[in-house]
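Overview (structure and organization)
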Amino acid sequence: MRQKLGIRKSLTISKTQTETQSKLPPSLRTVIGALSLSMMVSCAAEDSPSERKNASSSIQENLSEDGSLNAVSSIAVTYRVYFQTQQTNQYMVAENGGGGIVNANRSEPRGWERFEILDQNAGQLMHNDEIYVRTFNGTFLQVTNGTSLSLNAGGTDPQGWELMRIVRQSGNGEVRTGDMVGIQSRFSNRFITAVNGGGGLVTAQGDRMRGWDTFRITIEAGSASNTPPPPTTPPPTPPTTPPPPALQDAAAVMRAMGTGFNLGNTFDLQQHSTNPQEIELLIERYIAAGMRHMRLPVTWMEGFGGNAIADAAGTINPQHPRFLQMVSVVDYALSRGLYVIINTHHEFWLKDNYNGSATYNTRFTNLWTNIARYFENRSPRLIFEVLNEPERAFGDWSGGTTNGWPTPFDPNAQALTRQINQVGYAAIRATGGNNATRIVLVMPNAQGNQSLIDEIYPSRASVPGAGNDPYVAFSVHTYDPWAFCGQEGNNAAWPGSASLRSAVDTVAAHARNLGIAVNYGEFGVGREINQAERNTPVVREYYRTMRTAVIGHGMSATVWDDRGWFALTNANGSQFLFDII
């Protein structure tokens, strides 16, 4: 039975920036601190120092903007090495032997933990030598896109993004087994870093050589050998996004999206840094955990102290610094193979006042026309969500009181919800090109609550596109029951897994009858004060139940992470919390 959830009305306030019962916590933003890591590499070479070449050309003189550089030197010497963290004694590993992420979380060295240093200066391995680092599978460590703070083991053609320098902590001299060294990108000048000193992701964010950026080196005895250069190939085109997938309808895309995460309270609300290089580290952490998509909430026409991305008419400033940062994050996530959802998020200029008139329809149409045209050429993995959580004028859990908002079951409020979704949908489709078949998500009212989907869209004909557009899907949210899930809730209100599954089953059955796919765009458990309650089996059971129930119906599940009261990662995104993920 549908619950009207009168106590849910506090969520109306919970997502606003200024009111006291906000779900959104005080800023927990912190600057990513100095990272400290040690590597263990063992190295021995037989060439004498006199045979060594004493000069190498300047990296900046020889690199083009895409990182192109002459390939491996014909005089390169190869050393088989291992890297071990100083603080946790864990070995660096190229997962699956290479081609993807790099971690520092192994207790003993085996195949994937072994790397090869290709010394470009020949002779003995010396302080400040230029090197390439090759993985077990033959790929190379590289700084993603040359200048980001992330590292991967996906380089196939050693060029500028793969070129490193080995820095001996004690200064000049030969690098030997047991020495403490740093590995510095010659393109970005950043040092390879084991986040938190080891136990997780390895990045390329060290601005100077400190503890987390320092490695102990072990070289296999007798491993030094001359390395023939690989065949010369033309400089590669810098990667942007993977080849777009074959065109899929919304149902196929929802299945392919699987489980994902929200980049909450970042571009929608000024709680966390919008620096793309910091966000990339968080994205990589979620990718390593198996996430397939990211929802990126964006507030366009308000907030941020009046420093809005779009003006009052809905026209975007394409040179706005935060807009450019957001675009960079979108493109990075797409380049890593994720599906990405962007939306219009808070937009209370609309939610407080919408009456169906041309005044608001024109502004909302202009906003979505601007968004859609800007991103028209992006991969089909980019998805548009018309309006996050229609509420207030669209029907609100606190409606019918002195605030003047209608209830979620008010016929006019429901009609306005259908109307605004149609306005945004029509604006997107009108831009044509890739947007003619881009996936578009529409929500019910009452803050997108799952229980309202059959009220807002009772029939296929009521869906934007009159039910004839296979690229339209529903998005619903749930924080039900609020007495358990809400920031002021408590674990004593746990309803049991069967109750959660029943609600998801009801949504799935209605969507299946209409032939419309579904994304569960937000769900989670928050605590304003007692965060210890979230580090409990019952809360972990909530997340596990919600995810499996949603995925089991072929729908996609996007967990809410605000790095605050509903946090799944800490404030700087460097680690997961409470074993929920």
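Residues numbered from 1 in each chain as written. Predicted model: local features only at pLDDT ≥ 70, side-chain atom pairs only at ≥ 80, totals over all residues. Heavy atoms only, no water.

Notes on the pairing of strand β9 (residues 180–185)
Judged by how many residues are buried, β9 sits mostly within the fold: six of six residues are covered. Burial along β9 is two-sided: M180, G182 and Q184 and V181, I183 and S185, pointing in opposite directions, are all buried. Here strand β8 (residues 164–168) runs beside β9; their pairing, made up of five bridges, is antiparallel. The residue of β9 that forms the bridge with R165 is Q184. Bridging between β9 and strand β12 (residues 215–219) involves two bridges; their strand directions are antiparallel. Paired with V181 across the bridge in β12 is F215. (Buried < 20%, exposed > 50% of the residue type's maximum accessible area, 1.4 Å probe, protein only. Helix = DSSP H or I, 4+ residues; strand = E, 2+ residues; numbered from the N terminus. Pairing = 2+ DSSP bridges.)

What to know about the nonpolar core
Of all hydrophobic cores here, the largest spans 87 residues; its most connected members are I283, M294, L296, W300 and F375. The biggest single contributor to this core is helix α5 (residues 321–335), with eight residues. Dropping the residues within four chain positions of it, M294 is found in contact with F261, L263, I283, V329, A333, L338, Y339, V340 and I341. Core analysis: the next-biggest nonpolar cluster, separate from the first, contains 29 residues, F83, I131, V175 and V202 among them. (Core = buried A, V, L, I, M, F, W, Y, C linked by side-chain atoms within 4.5 Å. Contact = heavy atoms within 4.5 Å.)

Some remarks on the packing of aromatic side chains
Here the structure, examined in full by the defined rule, presents 21 aromatic pairs. Taking 3.9 Å as the distance between ring centres and 5° as the angle between the ring planes, the aromatic pair formed by F261 and Y286 counts as stacked. In this pair, F261 sits in strand β14 (residues 259–262) while Y286 sits in helix α4 (residues 276–288), placing the two residues 25 residues apart along the sequence. Across the pair, Y286 and F261 agree in class, each one buried. Pairwise contacts between aromatic rings join F484, W494, F523, Y542 and Y543 into one cluster. (Phe/Tyr/Trp six-rings, centres within 6.5 Å; stacked < 30°, edge-to-face > 60°.)

Notes on unusual backbone geometry
Residue P481 is bonded to the preceding D480 through a cis peptide linkage, with omega at -10°. A positive phi angle, near 60°, is found at N96, a position not held by glycine. With respect to the helices and strands, the residue N96 is situated in the loop between β2 (91–94) and β3 (102–106).

Re the packing of α4 against α5
How two helices pack is summed up by the angle between their axes together with the distance between the axes. One can describe the packing of α4 onto α5 by two numbers: an axis separation of 10 Å at closest approach and a directional angle of 30°. By the angle class used here, α4 and α5 are roughly parallel. The way α4 lies across α5 gives a crossing that is right-handed. Within the contact between the two elements, α4 uses P276, I279, E280, I283 and E284 and α5 uses Q325, S328, V329, Y332 and A333. Its residues assigned to classes, the contact of α4 with α5 comprises six nonpolar, two polar and two charged. (Axes fitted to C-alpha atoms, helices over the stretch in contact; angles between N-to-C directions. Parallel < 35°, antiparallel > 145°, perpendicular 65-115°, else oblique. Left-handed = near helix turned anticlockwise from the far one by under 90°. Nonpolar A, V, L, I, M, F, W, Y, C, P; charged D, E, K, R; others polar.)

Considerations on helix α7 (residues 358–374)
Helix length check: α7 (17 residues) gives 24 Å between terminal C-alpha atoms against 24 Å at 1.5 Å per residue, within 8%. Every buried residue belonging to α7 is among Y360, N361, F364, L367, W368, T369, N370, I371 and A372, and all of these are buried. Structurally, α7 contributes buried residues whose contacts are with β16 (339–343), α6 (348–351), β17 (382–385) and α8 (411–430). (Expected span 1.5 Å × (residues − 1).)

Description of the pattern of salt bridges
This model, assessed by the stated rule, comprises 19 salt bridges. E113 serves as the salt-bridge partner of R106, at 3.6 Å between the closest nitrogen and oxygen. A relative accessible area of 22% places R106 in the partly exposed class. Residue E522 is joined to R295 by a salt bridge in which the shortest nitrogen-to-oxygen separation is 2.9 Å. Remark: R295 occurs in strand β15 (residues 293–296) and E522 occurs in strand β20 (residues 517–523); sequence separation between them is 227 residues. E522 sits in the buried class, given a relative accessible area of 0%. Ionic contacts of the salt-bridge type, sharing partners, join the residues R80, R114 and E220 into one network. (Salt bridge = Lys/Arg side-chain N within 4 Å of Asp/Glu carboxyl O.)

Examining the environment of W212
Note on placement: W212 falls in the loop between β11 (202–206) and β12. Among the residues examined, W212 registers a relative accessible area of 17% and is labelled buried. Distance in space between the C-alpha atoms of W212 and A194 is 5.6 Å, their sequence separation being 18 residues.

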